[in-house]
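# Structural description and commentary
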Amino acid sequence: MTILRSGSASDVGRVRAVNEDLALESLTLFAVADGMGGHAGGEVASRTAIDALQQEFTRRPTVEGLIGAVRRANRSVWERSHRDIDLRGMGTTLTAAALVATDEGDRLVLANVGDSRTYRFHGGALTQLSKDHSVAEELFDRGELSAEEAAVHPHRHILTRALGVAPDVDVDVWQVEPEAGDRYLLCSDGLTNEVSTDRITGVLSSAADPQEAAQTLVRMANEHGGNDNVTVVVLDVVVGEDTTPGEAGAARGAVTALPSEGVGTVDEPPPPSLLSRFGSDAAGGVRSMTSRAASASARLGVNRRLTMGVLAFVMMLGALLAGGWGVVRWYVGSSYFVQLRHGQVTIYHGRLGGFLGMEPAVVDRTGIATAAVPPVELQRLDVGVQEPSLAAARQYVRNLRAEEAALQPAPTTTTTAPAAGG
Ligand code: MN
């Protein structure tokens, strides 16, 4: 038998106007989601994901059920973002822990997509179990950055995987044996960007109550600057799962990666991604697993992945210079361009030529024919005009219409000619 006790806290921080993070704390399911996107997108994304996760996991409270629930959450956010134009490009991270009964006994199953994190505090030491799906982490994996460099790297905020950006998603999954005295921490990057691992460890060592620990951590993030929304769930294993006599001591509390079953669909292969990680060793010997489909696409396209990675960096650097990391974080999701297609001016969501394997999608066919485009704009529109937001793209189209109207010959008004010789 396993008994858990939990606490959570979430705060908008000191800089942001809205809190797009969301925590979930129920009897057996715990999660943190960090939403992103313009308008109300971030809030809607995290709420949609958490709701779908909970609903689906309640229906099927198993290991496979949790994986399915994360994929359902992804699909829900993705579908919602395509139903409502104001929500286009929204997405969210999701890190979740669920208590599940298996044939071997109770297990904590951890699932992660994005850069929110799950840590285990065990025997006085804090270990990050989840792997960040961020550009800095990718560089670290490739040996191009040290852990210290990655922690402060300007690209650490750029997500390489999130819920809601594609119809399917690779989910990292781990299974841990709940051991009495262990404490789990689920948090958004608003905590880890502000508070050092040492200080987090200090709080987890000293706070007796998980609720107190969660509140203290959120307060510390705000004291350090509170540059982002901050959300924390602390989960204590009060009574752990009994280890059967004779079982090797090493198995106690062992962390095992699970294949995320069924990830990748038959009819809709996931986009080739720079980001799919397979078989790379994380801290503490935790292996992250991704889907067979992703591994296959990765095997087929190593060179392309690297090339796209380089291209992505150049583009992200430009975005960084242009608007800081807040812009960069939404780089993929919040970009639009206007281009001539099939003889008319069309607004697309995405990057010209695609980005990290994500193909642009048509948002609006404006009805402005090529012939109506002012000649000076024709060449640019042929190539495509990148705009930072849908509003900016629409403004550009409005300007086109205005220019077009200005170029039209003055309408012939039906004036009565003075009668000749009247
Ligand atoms: Mn955040």
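Located above this text is the structure these notes cover.
A brief structural summary. (Residues numbered from 1 in each chain as written. Predicted model: local features only at pLDDT ≥ 70, side-chain atom pairs only at ≥ 80, totals over all residues. Heavy atoms only, no water.)

Attention now moves to the overall build of the protein chain. Regarding its fold elements, the protein chain presents eleven helices and 16 strands. The burial tally for the protein chain puts 53% of its 422 residues in the buried class. Across the protein chain, the fraction of contacts at a sequence separation of at least 24, relative to all contacts at a separation of at least 6, is 70%. With an accessible surface of roughly 18900 Å², the protein chain has 54% of that area assigned to carbon and sulfur atoms. (Helix = DSSP H or I, 4+ residues; strand = E, 2+ residues; numbered from the N terminus. Buried < 20%, exposed > 50% of the residue type's maximum accessible area, 1.4 Å probe, protein only. Contact = heavy atoms within 4.5 Å. Areas by Shrake-Rupley, 256 points an atom, 1.4 Å probe, with all protein chains shown as cover.)

Attention now moves to the nonpolar core. Among the nonpolar cores identified, the biggest contains 33 residues, and Leu53, Leu66, Val70, Leu94 and Leu163 are the most heavily contacted of them. Among the secondary structure elements, those contributing two or more residues to this core are β2 (21-25), β3 (29-36), α1 (41-59), α2 (63-83), β5 (94-102) and β6 (105-113). The residues contacting Leu53, other than those within four sequence positions of it, are Leu24, Leu29, Ala31, Leu66, Ala69, Val70, Ala73, Leu94 and Ala96. Grouped together as the second largest cluster of nonpolar side chains are 21 residues, Tyr119, Ala207, Ala214 and Val234 included. (Core = buried A, V, L, I, M, F, W, Y, C linked by side-chain atoms within 4.5 Å.)

Once that is clear, we can look at the packing of α1 against α2. Closest axis-to-axis distance for the α1/α2 pair is 8 Å, and the angle between their directions is 145 degrees. In this structure, the crossing between α1 and α2 has a hand that is right-handed. Across from Val44, Ala45, Thr48, Ala49, Ala52, Leu53, Glu56 and Phe57 in α1, the residues of α2 making contact are Gly65, Leu66, Gly68, Ala69, Val70, Arg72, Ala73, Ser76, Val77 and Arg80. For the contact of α1 with α2, the per-class residue count stands at eleven nonpolar, four polar and three charged. (Axes fitted to C-alpha atoms, helices over the stretch in contact; angles between N-to-C directions. Left-handed = near helix turned anticlockwise from the far one by under 90°. Nonpolar A, V, L, I, M, F, W, Y, C, P; charged D, E, K, R; others polar.)

A word on α1. Helical periodicity: at 3.6 residues per turn, an α-helix aligns residues three or four positions apart in one direction. Given a rise of 1.5 Å per residue, 19 residues ought to cover 27 Å, and the 27 Å separating the end C-alpha atoms of α1 matches this to within 8%. Looking at α1, one finds that the buried residues are Gly41, Gly42, Val44, Ala45, Ser46, Thr48, Ala49, Ile50, Ala52, Leu53, Glu56 and Phe57. Next to the buried residues of α1 lie β2, β3, α2, β4 (91-92) and β5. (Expected span 1.5 Å × (residues − 1).)

Counting through the fold element by element, Asn229 comes out in the loop between α7 (210-223) and β11 (230-239). By relative accessible area, Asn229 is classed as buried at 1%. Within the structure, Asn229 has its side chain in polar contact with the backbone oxygen of Val18 (distance 3.0 Å). A distance of 2.8 Å separates a polar side-chain atom of Asn229 from the backbone nitrogen of Glu20. Excluding anything up to four places from it in sequence, Asn229 contacts Asp11, Val12, Arg16, Val18, Asn19, Glu20, Asp21, Ser188 and Gly190. (Polar contact = N/O pair within 3.5 Å; in protein donor to acceptor, adjacent residues only side chain to side chain.)

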